[in-house]
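# Notes for the structure review
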Amino acid sequence: MVNYPANPDPGPAVAAVIELLVRQGYDSTSVDDLADAAGISRSTFFRKFGSKEDIVFADHDRILARVHELLAGTTADPLRAVLEAALLVFGHHVGNRKTSLARYELLHQVPALRDRELVMTHRYQRAFRNHLLSALPEGENRELTAVAFAASVVAVHNSVLRQWLRAIAAGEDVEGVEGIEREAREAEARELAARLGRELGTLADTFARVSAGEAGSQAAGAPRPESGRPAVVVAVLDPAAGTERILQAVRDALA
């Protein structure tokens, strides 16, 4: 179960800095401005965050550490453990609604930051892949399964996240008094997590069926490909592809 704490990370300092960058402009905002917004000195800012670019994604360092901790301590099925880790990341975004939206807007204002976003995305994908490589049963297709499943989970997660962020940016956010708004947001968070869980569960079931079919064929003495190597399949998708297109591409590639 993914929890959505009332005062989750990032702290007020990081949230204030990202909001300032959106409001004042990335290039127009100095490090001194950012340090003032964070309530710290210039030297502390550099020591704690490194640079203006680093602070935009500073909260993800902590979430990535939590992902590593979750995967290192789990005894769950490897595919399901990765799904739980992806839901943890999604919960961070939903729990930090304003900061997530501000960063989304900032990335549209400053295309150069998207390269850094890709680096962060790859770090999550690598954490998922490494866990699968260490936890999946040995077999000639273990590496292929780990790489493909990790990439697919990240793609589905990001698709659902983008849809949510676009809806907020388009003005479909909840309005009302604080208590009603909080209840509506908590309900929305649960609904989004449930939807992502269903999408990822479908993905895990697809991979599990293929793996079970391959294991059954080998146990029954079915002939291997002449090369003796697993076939590699590649699905090429538009970056804005929705979850159903992603899932269908994976099904088609694995068929």
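The structure displayed is predicted, hence computed values, not measured ones.

Okay, the overall build of the protein next. For the protein, the count of helices and strands is eleven helices and zero strands. A burial count over the protein gives 38% of its 255 residues as buried. For the protein, the proportion of contacts with a sequence separation of at least 24, taken over those separated by at least 6, is 73%. In the form shown here, the protein has an accessible surface area of approximately 13900 Å², with 52% of it arising from carbon and sulfur atoms.

The next point concerns the nonpolar core. In terms of nonpolar packing, the biggest core is built from 63 residues, with Val67, Leu106, Phe128, Phe149, Val153 and Leu200 touching the most fellow members. Among residues more than four places away in sequence, those in contact with Val153 are Val82, Leu83, Ala86, Phe128, Leu200 and Leu203.

This paragraph deals with the pattern of salt bridges. Summed over all chains, the structure comprises seven salt bridges. When the shortest N-O distance is used, the salt bridge between Arg116 and Glu53 registers 3.1 Å. Taken together, the residues Arg116 in helix H8 (residues 113-135) and Glu53 in helix H4 (residues 52-56) connect sequence positions 63 residues apart. Here Glu53 falls in the partly exposed class, since its relative accessible area comes to 31%. Arg123 is paired through a salt bridge with Asp61; the nearest N and O atoms lie 3.0 Å apart. Of this pair, Arg123 sits in helix H8 while Asp61 sits in helix H5 (residues 58-73), placing them 62 residues apart in sequence. For Arg123, a relative accessible area of 27% corresponds to the partly exposed category.

Fine structural detail should not be taken from predicted coordinates in areas where pLDDT scores are low. When the pLDDT values of the protein are averaged, the result is 80; 73% of them are 70 or greater. Helix H11 (residues 243-254) is the least confidently modelled element of the protein, averaging 62 in pLDDT, while H8 averages 95, the highest of any element. Taken as a whole, residues 224-232 scores under 50 in pLDDT and shows seven contacts with residues more than four places along the chain or in a different chain.

Okay, the packing of helix H2 (residues 31-38) against helix H3 (residues 42-49) next. A pair of packed helices is characterised by two quantities: the angle between their axes and the separation of those axes. The contact between H2 and H3 brings their axes to 9 Å, and the two run at 85 degrees. Here H3 runs roughly perpendicular to H2, going by the angle between their axes. On H3, the residues touching Val31, Asp32, Leu34 and Ala35 of H2 are Arg42, Phe45 and Phe46. Taken together, the residues of the contact of H2 with H3 break down into five nonpolar, no polar and two charged.

On to the packing of aromatic side chains. If you walk through the whole model with that rule in mind, you get three aromatic pairs. Between Phe45 and Phe46, the aromatic rings sit 6.0 Å apart at their centres with planes inclined by 85 degrees, giving edge-to-face as the arrangement. Assessed through its relative accessible area of 0%, Phe45 is described here as buried. Given a relative accessible area of 35%, Phe46 falls into the partly exposed group. Where Phe45 meets Phe49, the ring centres are 5.5 Å apart and the plane angle is 55 degrees; that geometry is what we call tilted. Here Phe45 and its partner Phe49 are both found in helix H3, four residues apart, which amounts to about one turn of the helix. What makes Phe49 buried here is its relative accessible area of 13%. An aromatic cluster is built from Phe45, Phe46 and Phe49, whose rings are joined through pairwise contacts.

Calculation criteria
- Residues numbered from 1 in each chain as written.
- Predicted model: local features only at pLDDT ≥ 70, side-chain atom pairs only at ≥ 80, totals over all residues.
- Heavy atoms only, no water.
- Helix = DSSP H or I, 4+ residues; strand = E, 2+ residues; numbered from the N terminus.
- Buried < 20%, exposed > 50% of the residue type's maximum accessible area, 1.4 Å probe, protein only.
- Contact = heavy atoms within 4.5 Å.
- Areas by Shrake-Rupley, 256 points an atom, 1.4 Å probe, with all protein chains shown as cover.
- Core = buried A, V, L, I, M, F, W, Y, C linked by side-chain atoms within 4.5 Å.
- Salt bridge = Lys/Arg side-chain N within 4 Å of Asp/Glu carboxyl O.
- pLDDT = per-residue confidence, 0-100.
- Axes fitted to C-alpha atoms, helices over the stretch in contact; angles between N-to-C directions.
- Parallel < 35°, antiparallel > 145°, perpendicular 65-115°, else oblique.
- Nonpolar A, V, L, I, M, F, W, Y, C, P; charged D, E, K, R; others polar.
- Phe/Tyr/Trp six-rings, centres within 6.5 Å; stacked < 30°, edge-to-face > 60°.

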